[in-house]
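A look at the structure
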Amino acid sequence: MEILNARNLKKYYGNDKSLVRALDGINLEVKRGEFIAIVGTSGSGKSTLLHMLGGLDRPTSGEVYIDDKNIFEFKDDELTIFRRRKIGFIFQSYNLIPVLNVYENITLPISLDGNEIDREYIGEIFKTLGIEDKKYNMPSQLSGGQQQRVAIGRALATKPSIILADEPTGNLDSKTSLDVMGLIKVSSKRFNQTVIMITHNEEIAQMADRIIRIEDGKILGGEINE
Ligand code: ADP
Ligand code: ADP
């Protein structure tokens, strides 16, 4: 069963004079629990694709179904709620809140949703990510790799069914990158989450269940719709 299905997704920027086909007919089916790496050169459309898959931006045409719901039929406010419930985002910059400690950063999305904190689950996240002793630390006291672990914890906190990650290891050295990737993989398998991750790094990509290669807004070897 697919958790995510993109149909003939197109995103064009600009006008008739200078049209950029950032996405040019993307078809993608992702199974629940699958770990996918999206690879492509700079400007090939990776970020645009991730934004569309996560409903952060609307396509020029085409559909994205998550759990059989056509997400672009939602109005903006409904889409925001759907996104917060279903999707966890991890970015290259960790975007932690500097005045909150690690525990508060990780549990913030739960509090924002007005939900109870599942202490057992949060405890599992801390253990899985190896940051149990960092609960009371402020982000500025942590290394880049540790901060990214916290950002992963925050993405996992609301138990999203999909994790979308844009170059999550882009700011980390290669050893830390592999560690952090391993953690994303282990925690996603542990909590049966689907991961779609952009990376430049071929070694990182090889850790995925499946690699999608994108060029000029198209999936290489993908099925083409007009
Ligand atoms: P990647 O993530 O693979 O580097 P992007 O998805 O960021 O690629 O960009 C794909 C193409 O779309 C590029 O040519 C980029 O310049 C263009 N693009 C992306 N976002 C915008 C935007 N907001 N306005 C105009 N062009 C954009
Ligand atoms: P309960 O109300 O269930 O007793 P607590 O609020 O005492 O739960 O928190 C349980 C655990 O979560 C604590 O032992 C502590 O480790 C951690 N914790 C709770 N709030 C924070 C916080 N603001 N910063 C760091 N850790 C926290």
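Criteria and cut-off values
- Along every chain, residues carry numbers that run from 1 in the direction the sequence is written.
- Each chain takes a letter, starting from A, and each ligand takes a number, starting from 1, following the order in which they are written.
- Thresholds applied to this predicted model are a pLDDT of at least 70 for local features of residues and 80 or more for the giving and counting of side-chain atom pairs; totals over whole chains, interfaces and linings are not thresholded and use all residues.
- Hydrogen atoms and water are omitted, and side-chain values are computed over all heavy atoms in the structure.
- UniProt positions are given in the numbering used here, feature names are shortened, and annotations may be inferred rather than shown by experiment.
- One heavy atom suffices: a residue is near a molecule or strand as soon as one of its heavy atoms comes within 4 Å of it.
- In the analysis that follows, any N or O atom pair within 3.5 Å is treated as a polar contact, provided that within protein one partner can donate a hydrogen and the other can accept it, and provided that, for residues neighboring in sequence, both atoms belong to side chains.
- Amino acids are sorted into nonpolar (Ala, Val, Leu, Ile, Met, Phe, Trp, Tyr, Cys and Pro), charged (Asp, Glu, Lys and Arg) and polar (every other residue, Gly among them).
- Strands were regarded as paired on the criterion that DSSP finds at least two bridges between them.
- Helical segments are the DSSP runs of H or I of at least four residues, strand segments are the runs of E of at least two, and each set is numbered from the N terminus.
- Contacts between residues were defined by any pair of non-hydrogen atoms, one from each residue, lying within 4.5 Å.
- Axis lines are fitted to C-alpha atoms, over the contacting stretch for helices. Their N-to-C directions set the angle, which ranges from 0 to 180 degrees.
- Using a 1.4 Å probe on the protein chains alone, a residue whose accessible area is under 20% of its type maximum counts as buried, one over 50% counts as exposed, and one in between counts as partly exposed.

Identification of the chain as ABC transporter ATP-binding protein from Tissierella carlieri is taken from an unreviewed UniProt entry. Here is the UniProt Sequence similarities (unreviewed entry) comment for the chain, exactly as written: "Belongs to the ABC transporter superfamily."

**With respect to the site of ligand 2**
The environment of ligand 2 is formed by Asn101, Tyr103, Glu104, Arg119, Lys135 and Tyr136. Asparagine 101 places a side-chain nitrogen or oxygen 3.0 Å from a nitrogen atom of ligand 2. Of the residues belonging to the shell around ligand 2, the class tally is two nonpolar, one polar and three charged.

**As for the sheet that holds strand S5 (residues 69-70)**
Judged by pairing direction, the sheet is antiparallel, and its four strands sit side by side in the order S2-S1-S4-S5 without closing on themselves. On the outer flanks of this sheet lie strand S2 (19-31) and S5, each paired with one strand and no other. Relative to strand S1 (residues 2-14), helix H1 (residues 46-53) is tilted by about 125 degrees, and along the sheet it contacts S1, S2 and strand S4 (61-66).

**Observations regarding the side chain of lysine 11**
Its place among the elements puts lysine 11 in strand S1. Taking relative accessible area as the criterion, lysine 11 reaches 11% and is therefore assigned buried. Only 2.7 Å separates the side chain of lysine 11 from the backbone oxygen of arginine 58, close enough to count as a polar contact. Sequence-distant contacts of lysine 11, defined by excluding residues within four places in its chain, comprise Val20, Arg21, Ala22, Leu23, Thr48, Met52, Asp57, Arg58, Pro59 and Thr60.

**Here's the deal with the sheet that holds strand S7 (residues 162-166)**
If you walk across this open sheet you meet the six strands as S6-S7-S8-S3-S9-S10, and the pairing is mixed. Single-partner strands in this sheet number two, and they are strand S6 (87-90) and strand S10 (218-219). Of the pairings in the sheet, the one linking S7 to strand S8 (residues 194-198) comprises five bridges and is parallel in character. Bridge pairing in S8 places leucine 164 opposite isoleucine 196. Contacting S6 and S7, helix H2 (residues 76-86) runs over the sheet at an angle of about 75 degrees to S6. Against the sheet, helix H5 (residues 144-157) makes contact with S6 and S7, and its axis sits at roughly 170 degrees relative to S6, the strand it touches most.

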